[in-house]
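As a plain string of letters, each chain reads:
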Amino acid sequence: MSGTPSSTTRSPIGRAPANDLFTDVERWGDIDTWNRAALALHESGGIHRIERPGYDPFWAVIDHAAIVGIERRPTLFSNEPEPILATQDTIANRKESVKTLIRMDPPEHGKYRQMT
């Protein structure tokens, strides 16, 4: 997502503490511990800038009101070029990219939605 999110909720925006909840696949092995850590992160704010080695910096938006607000401003928050979290190596070595609905912004997204 591009842009800088803002929130009208209680959620502060800032850098998450050294946080690998979204980038360390081994953390998912214990989902209960992951859920507790995600809840603790949410309690410290619903929007966090994540910077981890091997990933482009990204925003973790984990607050419902902030998600709704972002979804209502597609001109500010784009789904392109990478709407799915992936390592820099994965992106650099990708041979082809399939353009799916989640990779499209208005008005293109709406046109394809009308087809289904």
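Thresholds, definitions, all that
- Residues numbered from 1 in each chain as written.
- Predicted model: local features only at pLDDT ≥ 70, side-chain atom pairs only at ≥ 80, totals over all residues.
- Heavy atoms only, no water.
- Helix = DSSP H or I, 4+ residues; strand = E, 2+ residues; numbered from the N terminus.
- Buried < 20%, exposed > 50% of the residue type's maximum accessible area, 1.4 Å probe, protein only.
- Contact = heavy atoms within 4.5 Å.
- Pairing = 2+ DSSP bridges.
- Phe/Tyr/Trp six-rings, centres within 6.5 Å; stacked < 30°, edge-to-face > 60°.
- pLDDT = per-residue confidence, 0-100.
- Core = buried A, V, L, I, M, F, W, Y, C linked by side-chain atoms within 4.5 Å.

1. Topic: the side chain of Asp20
- Within the secondary structure, Asp20 sits in the loop between β1 (13-15) and α1 (31-43).
- A relative accessible area of 17% places Asp20 in the buried class.
- Contacts of Asp20, omitting those with residues within four sequence positions, involve Arg27 and Arg52.

2. Some remarks on the environment of Phe77
- Note that Phe77 resides in the loop between α2 (64-71) and α3 (88-92).
- Phe77 sits 28 residues away from Asp105 along the chain, and the two C-alpha atoms are 9.1 Å apart.

3. Observations concerning the pairing of strand β3 (residues 58-61)
- Residue alternation in β3 divides its side chains into two sets, Phe58 and Ala60 and Trp59 and Val61, and both sets are buried.
- Bridge count between strand β2 (residues 47-50) and β3: four bridges; the pairing is antiparallel. Within β3, the position partnered with Ile50 by the bridge is Phe58.

4. Comments concerning the packing of aromatic side chains
- Under the criterion given, the structure shown has three aromatic pairs.
- Taking the centre distance of 6.5 Å and the plane angle of 85° together, the rings of Phe22 and Phe58 count as edge-to-face. Remark: Phe58 occurs in strand β3 and Phe22 occurs in the loop between β1 and α1; sequence separation between them is 36 residues.
- Judged by its relative accessible area of 23%, Phe22 is partly exposed.
- For Phe58, a relative accessible area of 16% translates into the label buried.
- Among the aromatic residues, those joined into a cluster by ring pairs are Phe22, Trp28, Trp34 and Phe58.

5. Brief notes about the confidence of the model for the chain
- For the chain, per-residue confidence averages 79 on the pLDDT scale, and residues scoring 70 or more make up 82% of the total.
- Looking over the chain, one finds the lowest element-wise mean pLDDT in β1, namely 49, and the highest in α3, namely 92.
- Across residues 5-12 the pLDDT falls below 50, and counting only partners more than four positions away or on other chains, this stretch makes 24 contacts in the model.

6. Observations regarding the nonpolar core
- The biggest cluster of nonpolar side chains holds six residues, and these are Ile47, Trp59, Val61, Ala66, Ile70 and Phe77.
- Elements with a minimum of two residues in this core: β3 and α2.

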